[in-house]
Amino acid sequence: MLIIAILAIPLVMTIVAASFSWRPFIGWASAASSAAILVLGIGLSVATLTSPQWALLHSFRADSLSAFMVVVIGTVALLATLFTPRTMRQEMASGITTARYARHYVVLMQVFITCMLTAVLTANLGVLWVSIEATTIATTFLVSHRRTDGAFEASWKYVILCSIGIALAFLGTVLIYYAQLHAGGPVHSSSLDWTSVMSVAHHLDPNVTRLAFALLVVGYGTKVGLVPMHSWLPDAHSQAPAPVSALMSGVLLTVAFYGLLRFRAVAVAALGPAFPRALLLVVGIASLLLATLMLIAQRDLKRMLAYSSIEHMGLLAIGAAVGSPLAIAAVLLHILGHGITKAVLFLSSGEIYHLEGTTEIAKISGLLARRPTLAGIFGFGLLSLVALPPFSLFVSELTMARAEVDAGLWWAVAISLVCLSVIFAALTRHARQMLMGARVGDAQPSSLGASVAVPLITALVACVALGVLSWPLQSLLTHAAQGVMP
């Protein structure tokens, strides 16, 4: 019943949003649906700790990893949808959008959330692929929501690159299925289930599996934002409305990464750990190096946050390359911490854009003097992003580094530390310009409304709590990590 309810809530909300003209209550109803998803996700997480899997009609199944991802989706979706009424009101007041497009926005957001929930709750490799492809369709229209030349260009680039990537992922999935059949796997409706594939994974043809995993890493890695198919990400994130950017950076990237974690378990069982580790290390380190170089010279606030997402996805790939239970648990904690942090930063950047009229870093100055609450939220969000204690990203990055050293990958830790030090310096320099630069004009200090400040501050407190108190998630992370062990 929990799985049915989790999938039904955004579907019902989609129908409701499509049936009425835009009204603020539609936005608040979408936030309530996200809150319900989060609550049910927590309930599902507790249930999977006592029962290994919750199944529904053989097509949908939840283990601790799936339940954890539902919690991540629900948390970030709640933050994003809480800002829907405010975002639509601002855009309609400035003439950027109309009531008609506001309704389309809410419908597409709910479709987007539904697709991500389906991806993490399905037991079928094919349905996973379809769900992630469906997120591309929904988010393409969300990226172009403002209907500017830059938004249309970004949406075209996004749909073309992601379609190429998802086509490669489809080919990789077909090859896994081919290898499964030739290994004596079952030929029936559930033959593409994770459990069916894993049951014969040790007998899969190594050459076919090697090619399939390489295609899957490049294919799903496109949606994750990993090098070499990363270039859509800065354009799309910089043009999309702030709540959409929060969802895309906070959970869409990691939902695709969830698929890679599942396929990595299959590849390790068939090939051993060497090839999957080498491939993930290459794309992870390449992504980290690219993000470091781009962040040094970045001039736009939202593009800066987008390149930071590439950095963190690179760190996740390096952690997944280790593949030990400790490393995977740290990767999952990093997924949650990054999702919350990036949601706070993108949503606060949306407020900065609304108040300042620009996201160009050089044109934003003296925020601490003029808008102290907003500047404080954004500043602490950046502290979380660069993984300073006591935020959860510090704990997850430290734990990943420990797991990498235990696995003999001290050189990867050394490269990561150099890159993270450079990124820390670059983001600090950008933050200093925006927060403590010379005061611009004669603008008077302004306060931030409670409806904006309270959710963002609560989210930052949650990041601190996750960094200080690991016990609420420790059992769930341990069980979830065991779920992708070969």
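Our structure's up above, just so we're on the same page.
Quick summary incoming for the structure in this document. No experiment lies behind these values; they were computed from the predicted model shown. Position numbers for residues start from 1 in each chain and track the written sequence from start to end. Local features in this predicted model are restricted to residues whose pLDDT is 70 or higher, and side-chain atom pairs enter the listing and the counts only when it is 80 or higher, whereas totals over whole chains, interfaces and linings include all residues. Side-chain metrics in this entry use all non-hydrogen atoms of the structure; hydrogen atoms and water are not considered.

Regarding the overall build of the protein
- Helix and strand content of the protein: 20 helices and 2 strands.
- Just to be clear, the radius of gyration here is over C-alpha atoms, and the globule rule we use is 2.2 Å times residues to the power 0.38. Scaling as 2.2 N^0.38, a compact globule of 486 residues should have a C-alpha radius of gyration of about 23 Å, and the protein matches this with 21 Å.
- The principal-axis extents of the C-alpha atoms in the protein amount to approximately 75 × 55 × 45 Å.
- Scored against the burial criterion, the 486 residues of the protein give a buried share of 60%.
- Contacts are residue-level and defined by heavy atoms, with any inter-residue pair within 4.5 Å sufficient. Put simply, 82% of the contacts in the protein that link residues at least 6 apart link residues at least 24 apart.
- Calculation of accessible area relied on Shrake-Rupley with a 1.4 Å probe; when residues are assessed, cover is drawn exclusively from the protein chains displayed. For the protein, the computed accessible surface area is about 17700 Å², with 69% contributed by carbon and sulfur atoms.
- Side-chain charges of the protein comprise 25 positive and 17 negative groups, with the mean position of each set lying 5 Å from the other. For helices the rule is a DSSP run of H or I covering at least 4 residues; for strands it is a run of E covering at least 2, with both sets numbered from the N terminus onward. Buried, partly exposed and exposed residues are distinguished by accessible area as a fraction of the type maximum, computed with a 1.4 Å probe on protein chains only: under 20%, between the cut-offs, and over 50%, respectively. When charges are counted, Lys and Arg are positive and Asp and Glu negative, with His and the chain ends excluded. Charge coordinates come from a single atom per side chain, which is NZ of Lys, CZ of Arg, CG of Asp or CD of Glu.

A few points about the side chain of Gln298
- When you line up the elements, Gln298 lands in the loop between helix 12 (274–296) and helix 13 (301–322).
- A residue is classified by how much of its surface remains accessible, and Gln298, at 10% relative accessible area, is buried.
- Once you skip the residues sitting within four places of it in the chain, Gln298 turns out to touch Arg303, Met304, Tyr307, Ile361 and His430.

Describing the nonpolar core
- We call a set of buried residues a nonpolar core when its members are Ala, Val, Leu, Ile, Met, Phe, Trp, Tyr or Cys and they connect through side-chain atoms within 4.5 Å of each other. Core analysis: the largest hydrophobic core is formed by 164 residues, its most contacted members being Leu121, Tyr220, Leu247 and Phe257.
- Ranked by the residues each element gives to this core, the list is headed by helix 11 (residues 242–271), at 18 residues.
- If near-sequence neighbours (up to four positions away) are discounted, Tyr220 is found in contact with Leu128, Trp129, Ile132, Ile166, Ala169, Thr173, Ala256, Leu260 and Phe263.

Section: the pattern of salt bridges
- Salt bridges, as used here, are contacts in which a Lys or Arg side-chain nitrogen is within 4 Å of a carboxyl oxygen on Asp or Glu. Applying the stated criterion across every chain, the model contains 8 salt bridges.
- Where Asp235 meets Lys157, a salt bridge forms, and the shortest distance between an N and an O atom there is 2.8 Å. Of this pair, Asp235 sits in helix 10 (residues 232–239) while Lys157 sits in helix 7 (residues 149–182), placing them 78 residues apart in sequence.
- The buried category is assigned to Asp235, whose relative accessible area is 17%.
- Among the ionic pairs, Glu360 bridges to Lys363, the shortest N-O distance being 3.6 Å.

Describing the environment of Leu295
- Within the secondary structure, Leu295 is located in helix 12.
- Given a relative accessible area of 0%, Leu295 falls into the buried group.
- It is 9.4 Å that separates the C-alpha atoms of Leu295 and His430, two residues lying 135 residues apart in sequence.
- Sequence-distant contacts of Leu295, that is, excluding residues within four places in its chain, are made with Met304, Tyr307, Ser308, Glu311, Ile423, Ala426, Leu427 and His430.

Quick notes on the packing of aromatic side chains
- Between rings of Phe, Tyr and Trp, where Trp is taken as its six-membered ring, a pair exists when centres lie within 6.5 Å; planes separated by under 30 degrees are stacked, by over 60 edge-to-face, and by other angles tilted. One pass over the structure, following the stated rule, counts 5 aromatic pairs.
- Where Tyr158 meets Trp232, the ring centres are 4.9 Å apart and the plane angle is 50°; that geometry is what we call tilted. Of the two residues, Tyr158 sits in helix 7 while Trp232 sits in helix 10, which places them 74 residues apart along the sequence. The two residues Tyr158 and Trp232 agree in class, both being buried.
- Put simply, the rings of Trp194, Tyr220 and Phe263 pair up and form one aromatic cluster.
- Whether a charge sits over a ring depends on NZ of Lys or CZ of Arg being within 6 Å of the ring centre and within 35 degrees of the ring normal. It is Arg210 that lies over the ring of Phe275; its NZ or CZ is 5.7 Å from the centre.

What to know about the environment of Arg61
- You can see Arg61 is positioned in strand 2 (residues 60–62).
- Taking relative accessible area as the criterion, Arg61 reaches 13% and is therefore assigned buried.
- Arg61 sits 133 residues away from Trp194 along the chain, and the two C-alpha atoms are 9.7 Å apart.

As for unusual backbone geometry
- Residue Pro228 is bonded to the preceding Val227 through a cis peptide linkage, with omega at 15°.
- Among the structural elements, Pro228 can be located in the loop between helix 9 (206–224) and helix 10.
- Residue Pro390 is reached from Pro389 by a cis peptide bond, and omega for that bond is 10°.
- With respect to the helices and strands, Pro390 occurs in the loop between helix 16 (372–385) and helix 17 (392–406).
- Not every positive phi belongs to a glycine, and Arg147 is a case in point at roughly 60°.
- As for its position among the elements, Arg147 is in the loop between helix 6 (125–143) and helix 7.
- With a relative accessible area of 31%, Arg147 lands in the partly exposed category.

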